[in-house]
Amino acid sequence: MSPLAIGALYGGVTLVTLFAGVPIAFALGAVAVAFMIGFMPVASLGTVAQNVYQEIANITLLTIPLFILKGAAIGRSRAGADLYNALYVWLNRVPGGLGVANVVACTLFAAMAGSSAATCSAIGSAGIPEMRRRGYSPGLAAGIIAAGGTLGILLPPSITMILYAVASEQSLGRLFLAGLGPGMLLSGMFAVYAVARFRKEYRDAARADTEHPILRRDVYTMSQRISALPRILPFLILLLGVMGALYGGFASPGETAGLGAVLALALIAIIYGAWRFSDLRPLLVASVRESTMLLMIVGMSLLYSMVMSYLHISQSAAEWIVANHLSPWSLLMAILMMVVVLGFFLPPVSIILMTAPIILPPLRSAGFDLIWFGVVMTIVMEMGLIHPPVGLNLFVIKNIAPDIPFRDVLWGTLPFVAIMIVAVVLICLFPGIAMWLPKILMG
């Protein structure tokens, strides 16, 4: 069989296995081992454990469990709700200020948790009921939280970016810096849309029903606003401490992950009294479970990629793409469309680890900066988190707000998908949006 025929079979068997409901890590590992038996020397099976261990024993991957622990410490304490309430007190005078507060809360939380699902769950559990109580439509409330949660894989310390840095052999520090500009751009665009949509719903309510809850306005005194500021202080200490250590050159990404975890545990112990083992046990168990799941996916994905490379599937696919003599931008568009399609079925972690051996060599040959492409690809994968049929954040929303019809959740998120497409176009037209910080701070 030709490499492309083997590749088609490899991909087809993988999709069938995934659609059968087999967990992603086991599906990828089983397919890889099956093709090793069928197409590789028998002796190669003896290297499976060694190869998986060597791939996981990467110092950069050590940051994943530590960032997950930091996110769990914040997400499973009252910190998320306190951040949200403090922001609302300050932004309630802005039309749609409650929606903007949720976007800002998601942005700040994402910069500490590094996980979209954690951000979505922590802020949404407080934000969605409050927005609905204030008269926001269920779709808008769900859309704001689902889209805001996606920032968890774009803003540092994004776990997805850590894996991309490993797969592409690029600087993690530069990648983190490159995600800041686009992250702020998306956050601002989400906030502008929240205000515009609020104004429309407000006008509709004013014309139809003077008793609609969206027409009510809370009033807070300056003393109440000032008294709310300490609730934001823990987040600022954590954010500034980690970012200052990383970009000030005082610590490596792995060391800042440990610093962030220790700071987060210290803050919830001091401020919320969560220092007993009974308080820490839920977040420790959640951290171990999520870390184990992710590292299993990483190990099996890298084994999957190794088999793909040995069978010359990735090389043949890259050669086929190059042989079509696509222009650089046509090549980029074709690859991004492939990522969109994969996002229908797979989470970002799997997409990166499965596609990196295929797509990165042609992109490098075409002259694209792989740091810049990592940011663009991350935004495209963010879309996958909020579009059907397997948008993870959609199911998180459905879990924390089961009374919102799934149809409303879908329609509420679609405008944010369109916003992300606009952001990708802007970053393609103006690459400096992503690259100015890495150039200034790291040369």
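Residues numbered from 1 in each chain as written. Predicted model: local features only at pLDDT ≥ 70, side-chain atom pairs only at ≥ 80, totals over all residues. Heavy atoms only, no water.

Some details on the overall build of the chain
Move 1: Of regular secondary structure, the chain possesses 21 helices and zero strands.
Move 2: A compact globule built from 443 residues should have a C-alpha radius of gyration of about 22 Å, and the chain, at 22 Å, falls within 12% of that.
Move 3: Projected onto its principal axes, the C-alpha coordinates of the chain cover approximately 75 × 50 × 45 Å.
Move 4: Residues counted as buried form 52% of the 443 residues belonging to the chain.
Move 5: Long-range pairs, those at least 24 residues apart, make up 77% of the contacts in the chain between residues at least 6 apart in sequence.
Move 6: Split by element, the accessible area of the chain, about 18,800 Å² in all, is 69% carbon and sulfur. (Helix = DSSP H or I, 4+ residues; strand = E, 2+ residues; numbered from the N terminus. Rg over C-alpha atoms; globule rule 2.2 N^0.38 Å. Buried < 20%, exposed > 50% of the residue type's maximum accessible area, 1.4 Å probe, protein only. Contact = heavy atoms within 4.5 Å. Areas by Shrake-Rupley, 256 points an atom, 1.4 Å probe, with all protein chains shown as cover.)

A short note on helix α20 (residues 406-429)
Move 1: Helix length check: α20, at 24 residues, gives a terminal C-alpha distance of 35 Å against a target of 34 Å (1.5 Å per residue), a fit within 8%.
Move 2: Leucine 414 marks the point of greatest bend in α20, at about 25 degrees, and the proline proline 415 comes within the next four residues.
Move 3: Within the sequence span of α20, burial applies to Val409, Gly412, Thr413, Phe416, Val417, Ile419, Met420, Ala423, Val424, Ile427 and Cys428. (Expected span 1.5 Å × (residues − 1). Bend = angle between axes of the 7 residues up to and from the residue.)

A few points about unusual backbone geometry
Move 1: Positive phi, normally seen in glycine, also occurs at glutamate 169, with a value near 60 degrees.
Move 2: Residue position: glutamate 169 is located in the loop between α9 (159-168) and α10 (172-208).

What to know about the environment of isoleucine 397
Move 1: With respect to the element layout, isoleucine 397 can be found in helix α19 (residues 392-400).
Move 2: For the pair isoleucine 397 and alanine 165, spaced 232 residues apart in sequence, the C-alpha to C-alpha distance is 29 Å.
Move 3: In contact with isoleucine 397, other than residues within four places in its own chain, are Cys120, Ile128, Ala142, Ile145, Ala146 and Val409.

Thoughts on the packing of α9 against helix α18 (residues 370-386)
For any two helices packed against each other, the geometry comes down to the angle between their axes and how far apart the axes lie.
Move 1: Relative to each other, α9 and α18 sit at 140 degrees, their axes nearing to 11 Å. The pairing of α9 with α18 is recorded here as oblique in orientation. Once α9 is placed against α18, the crossing between them reads as right-handed. Of the residues in α18, those in contact with Thr160, Met161 and Tyr164 of α9 are Leu370, Phe373, Gly374, Val375, Met377, Thr378 and Met381.
Move 2: Per-class residue counts for the contact of α9 with α18 are seven nonpolar, three polar and no charged. (Axes fitted to C-alpha atoms, helices over the stretch in contact; angles between N-to-C directions. Parallel < 35°, antiparallel > 145°, perpendicular 65-115°, else oblique. Left-handed = near helix turned anticlockwise from the far one by under 90°. Nonpolar A, V, L, I, M, F, W, Y, C, P; charged D, E, K, R; others polar.)

Brief notes about the pattern of salt bridges
Move 1: All chains considered together, the criterion is met by five salt bridges.
Move 2: Its salt-bridge partner being glutamate 130, residue arginine 133 comes within 2.8 Å of it at the nearest N-O pair. Of this pair, arginine 133 and glutamate 130 both sit in helix α7 (residues 116-133), three residues apart, which is roughly one turn of the helix.
Move 3: A relative accessible area of 44% places arginine 133 in the partly exposed class.
Move 4: Via salt bridges that share partners, Glu130, Arg133 and Arg134 belong to a single interconnected network. (Salt bridge = Lys/Arg side-chain N within 4 Å of Asp/Glu carboxyl O.)

Concerning the packing of aromatic side chains
Each aromatic ring pair is specified by the distance between its two centres and by the angle formed by the two planes.
Move 1: Within the structure shown, the criterion is met by nine aromatic pairs.
Move 2: Consider the rings of tyrosine 136 and phenylalanine 198, whose centres lie 5.4 Å apart with planes at 40 degrees: the pair is tilted. With a gap of 62 residues between them, tyrosine 136 in the loop between α7 and α8 (138-150) and phenylalanine 198 in helix α10 connect regions that are remote in the sequence.
Move 3: Accessibility expressed as a relative area gives 6% for phenylalanine 198, which makes it buried. (Phe/Tyr/Trp six-rings, centres within 6.5 Å; stacked < 30°, edge-to-face > 60°.)

With respect to the nonpolar core
Proteins that are soluble and globular tend to have nonpolar side chains buried together.
Move 1: Grouped together as the largest cluster of nonpolar side chains are 143 residues, with contacts concentrated most on Tyr10, Leu186, Phe190, Leu363, Trp372, Phe373 and Met377.
Move 2: The greatest single-element share of this core, amounting to 13 residues, is contributed by α10.
Move 3: Those residues in contact with leucine 186, other than ones at most four positions away along the chain, are Leu151, Leu154, Ile379, Glu382, Ile419, Met420 and Ala423. (Core = buried A, V, L, I, M, F, W, Y, C linked by side-chain atoms within 4.5 Å.)

As for the confidence of the model for the chain
Move 1: Scored by pLDDT, the chain has a mean of 80; 92% of the residues are at 70 or more.
Move 2: Here helix α15 (residues 313-323) is the element of the chain with the lowest mean pLDDT, 67, and α20 is the one with the highest, 91. (pLDDT = per-residue confidence, 0-100.)

A short note on α10
Move 1: A rise of 1.5 Å per residue sets the reference length of α10, with its 37 residues, at 54 Å; its end C-alpha atoms lie 53 Å apart and thus fit the reference within 8%.
Move 2: The largest bend in α10 amounts to roughly 25 degrees and is located at leucine 180, with the proline proline 182 lying one to four residues further along.
Move 3: Two or three places before glycine 173, at the start of α10, stands the capping residue serine 171, its side-chain oxygen 3.4 Å from that residue's backbone nitrogen. (Polar contact = N/O pair within 3.5 Å; in protein donor to acceptor, adjacent residues only side chain to side chain.)

Digging into a nonpolar patch on the surface
Move 1: Together, Met1, Leu9, Val13 and Phe39 make up a nonpolar patch on the protein surface, roughly 360 Å² of accessible area in all.
Move 2: Structurally, the position occupied by leucine 9 is in helix α1 (residues 3-19).
Move 3: Taking the relative accessible area as the measure of exposure, leucine 9 reaches 37% and is therefore partly exposed. (Patch = residues over 30% accessible without salt bridge, like charges linked within 9 Å, V, L, I, M, F, W, Y side chains within 5 Å.)

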